[in-house]
Amino acid sequence: MTDTILIFDTTLRDGEQSPGCSMNLEEKLQVAAQLETLGVDIIEAGFAIASQGDFEAVSEVARQCKRATVASLARAAIPDIDRAWEAVRHAAKPRIHTFIATSPLHMRVKLNKSPDEVLEAIERTVSHARNICPDVEWSAEDATRTEPDFLARAIETAIRAGARTINLPDTVGYATPETYGAMFRDMIARVPGADLAVFSTHCHNDLGLAVANTLSAVMAGARQVESTINGIGERAGNAAVEEIAMALKIRHDVMPVRTNIVSTEITRASRMVSGITGFQVQPNKAIVGANAFAHESGIHQDGMLKDSSTYEIMTPESVGLSTSNLVMGKHSGRAAFRSKLEELGYALGDNAFQDAFVRFKALADAKKAVFDEDIVALVDDEVLRGHDRIQVKDVEIHCGTGPARAILTLEIDGEEKTAATRGSGPVDALFAAIRELVPHERGTLERYEVHAVTGGTDAQAEVSVLLSEEGRTTRGRGAHHDTLVASARAYVNALNKLMVKRGRAPVDVAAG
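One structure accompanies this document, and this report is about it. If you're wondering where the values come from, they're calculated on a predicted model, not measured in any experiment.

**Re the packing of helix α2 (residues 52-64) against helix α3 (residues 78-88)**
Move 1: At a closest axis distance of 7 Å, the pairing of α2 and α3 adopts a crossing angle of 40 degrees. By the criterion of interaxial angle, the relationship of α2 to α3 is oblique. Here α2 contributes Gln52, Phe55, Val58, Ser59 and Ala62 to the contact with α3, which in turn contributes Arg83, Glu86, Ala87 and Val88.
Move 2: For the contact of α2 with α3, the per-class residue count stands at five nonpolar, two polar and two charged.

**Points about the packing of helix α1 (residues 25-38) against helix α10 (residues 266-277)**
Move 1: It is at 10 Å that the axes of α1 and α10 come closest, and there the two elements cross at 165 degrees. Accordingly, the angle class assigned to the pair α1 and α10 is roughly antiparallel. Like other packed secondary-structure pairs, α1 and α10 cross with a definite hand, here left-handed. Facing α1, whose interface residues are Glu27, Gln30, Val31, Gln34 and Leu38, α10 presents Ile266, Arg268, Ala269, Met272, Val273 and Ile276.

**Description of the nonpolar core**
Move 1: Judged by nonpolar contacts, the single largest core of 93 residues is most densely connected at Trp138, Ile155, Ile166 and Leu168.
Move 2: The biggest single contributor to this core is helix α6 (residues 148-161), with eight residues.
Move 3: In this structure, Val392, Phe431, Tyr491 and Val492 belong to the second largest nonpolar core, which totals 28 residues.

**Some points on the sheet that holds strand β16 (residues 472-480)**
Move 1: Taken in spatial order, the three strands line up as β14-β15-β16 in an open sheet, and their pairing is antiparallel. Only two strands of the sheet have a single partner each, and these edge strands are β14 (444-452) and β16. Strand after strand, the sheet turns through a mean of 15 degrees between neighbouring axes, direction not considered.
Move 2: Docked against the sheet, helix α16 (residues 483-502) engages β14, β15 (461-469) and β16, running at close to 150 degrees with respect to β16.

**Re the packing of aromatic side chains**
Move 1: Going through the model one piece at a time under the given rule, you end up with eight aromatic pairs.
Move 2: Note on phenylalanine 431 and tyrosine 491: the rings are 4.5 Å apart at their centroids and 55 degrees apart in plane angle, and the pair reads as tilted. With phenylalanine 431 in helix α15 (residues 426-437) and tyrosine 491 in helix α16, this pair connects stretches of sequence that are 60 residues apart. Grouping residues by exposure puts phenylalanine 431 and tyrosine 491 together as buried.
Move 3: Grouped by ring-pair contacts, the aromatic residues Phe337, Phe353, Phe357 and Phe360 constitute a single cluster.
Move 4: If you follow arginine 83 out to its NZ or CZ, it ends over the ring of phenylalanine 55, 3.6 Å from the centre.

**Regarding the pattern of salt bridges**
Move 1: In the structure shown here, the tally under the stated rule is 26 salt bridges.
Move 2: For glutamate 120, the salt bridge identified is with arginine 124, shortest N-O distance 3.1 Å. Linking glutamate 120 with arginine 124, this pair stays in helix α5 (residues 115-132), spanning four residues, or about one helical turn.
Move 3: A relative accessible area of 42% places glutamate 120 in the partly exposed class.
Move 4: For aspartate 253, the salt bridge identified is with arginine 251, shortest N-O distance 2.9 Å.
Move 5: Using a relative accessible area of 40% as the deciding quantity, one classes arginine 251 as partly exposed.

**A closer look at the side chain of threonine 474**
Move 1: Looking at the secondary structure, you find threonine 474 in strand β16.
Move 2: The exposure class assigned to threonine 474 is buried, which follows from its relative accessible area of 0%.
Move 3: For threonine 474, the side chain forms a polar contact with the main-chain oxygen of alanine 494, separated by 3.1 Å.

**So, α16**
Because an α-helix packs 3.6 residues into every turn, residues spaced three or four apart end up facing the same way.
Move 1: Over its 20 residues, α16 runs 29 Å from end to end, which matches the ideal 28 Å to within 8%, given 1.5 Å per residue.
Move 2: Where burial is concerned, most of α16 is hidden: 16 out of the 20 residues are buried.
Move 3: Between the side-chain oxygen at the start of α16 and the backbone nitrogen of leucine 484 there is a gap of 2.8 Å, and the oxygen is on aspartate 482.

**Remarks on α3**
Move 1: Burial in α3 covers these residues: Asp80, Ile81, Ala84, Trp85, Ala87 and Val88. Seen from one end, α3 has its buried residues packed into an arc of 160 degrees, which puts them on one side.
Move 2: The secondary structure elements touched by the buried residues of α3 are α2, β3 (69-75), β4 (94-101) and α5.

**A word on the pairing of β3**
Move 1: Of all seven residues that make up β3, six are buried, and the element is covered over most of its length.
Move 2: The pairing of strand β2 (residues 42-46) with β3 spans four bridges and is classified as parallel. Within β3, the position partnered with glycine 46 by the bridge is serine 72.
Move 3: Following the chain from β2 across α2 to the adjacent parallel β3, one finds a crossover that is right-handed.
Move 4: The handedness of the β3 to β4 crossover, carried by α3, is right-handed.

Conventions adopted
Residues numbered from 1 in each chain as written. Predicted model: local features only at pLDDT ≥ 70, side-chain atom pairs only at ≥ 80, totals over all residues. Heavy atoms only, no water. Axes fitted to C-alpha atoms, helices over the stretch in contact; angles between N-to-C directions. Helix = DSSP H or I, 4+ residues; strand = E, 2+ residues; numbered from the N terminus. Parallel < 35°, antiparallel > 145°, perpendicular 65-115°, else oblique. Contact = heavy atoms within 4.5 Å. Nonpolar A, V, L, I, M, F, W, Y, C, P; charged D, E, K, R; others polar. Left-handed = near helix turned anticlockwise from the far one by under 90°. Core = buried A, V, L, I, M, F, W, Y, C linked by side-chain atoms within 4.5 Å. Buried < 20%, exposed > 50% of the residue type's maximum accessible area, 1.4 Å probe, protein only. Pairing = 2+ DSSP bridges. Phe/Tyr/Trp six-rings, centres within 6.5 Å; stacked < 30°, edge-to-face > 60°. Lys NZ or Arg CZ within 6 Å of the ring centre and 35° of its normal. Salt bridge = Lys/Arg side-chain N within 4 Å of Asp/Glu carboxyl O. Polar contact = N/O pair within 3.5 Å; in protein donor to acceptor, adjacent residues only side chain to side chain. Expected span 1.5 Å × (residues − 1). Arc of directions from axis to C-beta. Right-handed = clockwise from strand over helix to strand, strands pointing away.

Structure representation (structure tokens):
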């Protein structure tokens, strides 16, 4: 059995199913490029039949990727499979990932099918997928609540029909490490033809056990793991790519396997996904959280000064964190700024670089010191939002003991529009101006959060908002040294994403 664990990244599919998470085509292509740089083996680019937008995104990711396998999800239905193939067929290494539920509850309630009907559907759809695509993965949705005897029959049917990757997802985060590992050992041992397939994990984090369950399955013989950057995903999320990769790297003594992950690209991938989705990484998040390499206890600090290995089992550099703190200032030139961008993992074209440099100089004039985190926030917020239909052009706020007044100018589809509104406070007045310029009466502001990118009273503010409208939710993010400007950008960013979601046809899908 191979000692290489294949990393199947589903950030663009399962990750995007997080409430409030949506990415446009440009953002998906940026994430896909970073995933290839990170070294993931398979990129699940989306669910091609869900909408025309999803189909186009999967197709473009398939055309862009040079090394990674590109997969599209498909239900156990011929139209789904044909649409998936049409989307991935131009990939250097295409894959169709088809699934059907196998637990008694799902078969009865969701599918309204008997076990024999499910087996027939597996045979028919996997065979069809294999006839048009050389690489087929099959998933048993809700595998951890499936009767073992039936699960074994379903796996055997899928392998016989041509599937060469078998995914046994913990769809609802129900498993424990012991039971999940035991399921893999049992299926690999008892299913005829199991040696023809790579067994895969897909763990949700409802009980906080996704990574532990994944590693247990790896020890039991799984050789592909499905996961997402920062662990984003439906409900409580998925197993996190960065946690799995570093656990396998650091504890090679007890898990003698390897991955193809380039660990120094982990922080860059984490920050990119966080910036694009507006999902902030919690400070105490393993590997990529702001406190992952922070030490406040006197005892810990004393040990770190003597030998960092006393309290750190990995170095910040091993996951791509820069050792420098103060990096740039208002006297820094283009060459130094370009070098710093390259160090942080950005490769910008001439126009994007010039735009970023102008904004950097403005930030440097406003701040006493510019940190790596400031530059990351600036580039992600400014450059990656450059093609939004709605953009913030000017914000003016008047506030004091009485009602606040906001004067806001937005550029909407190339045309500048201005509104002056009042509110109970500056944020309320500002958001009222946005609502006047871009009416969305059914939209509701569910959440508004502010945090500082770095320390100090002149720190950039990073604002995140959550908007909802008729069952759709979107998150927006904005960064600026003025908190109110950042607030306007975050709200407008969420509105841009809401426009994307309005154009999507909803498809009921769980798949893992």
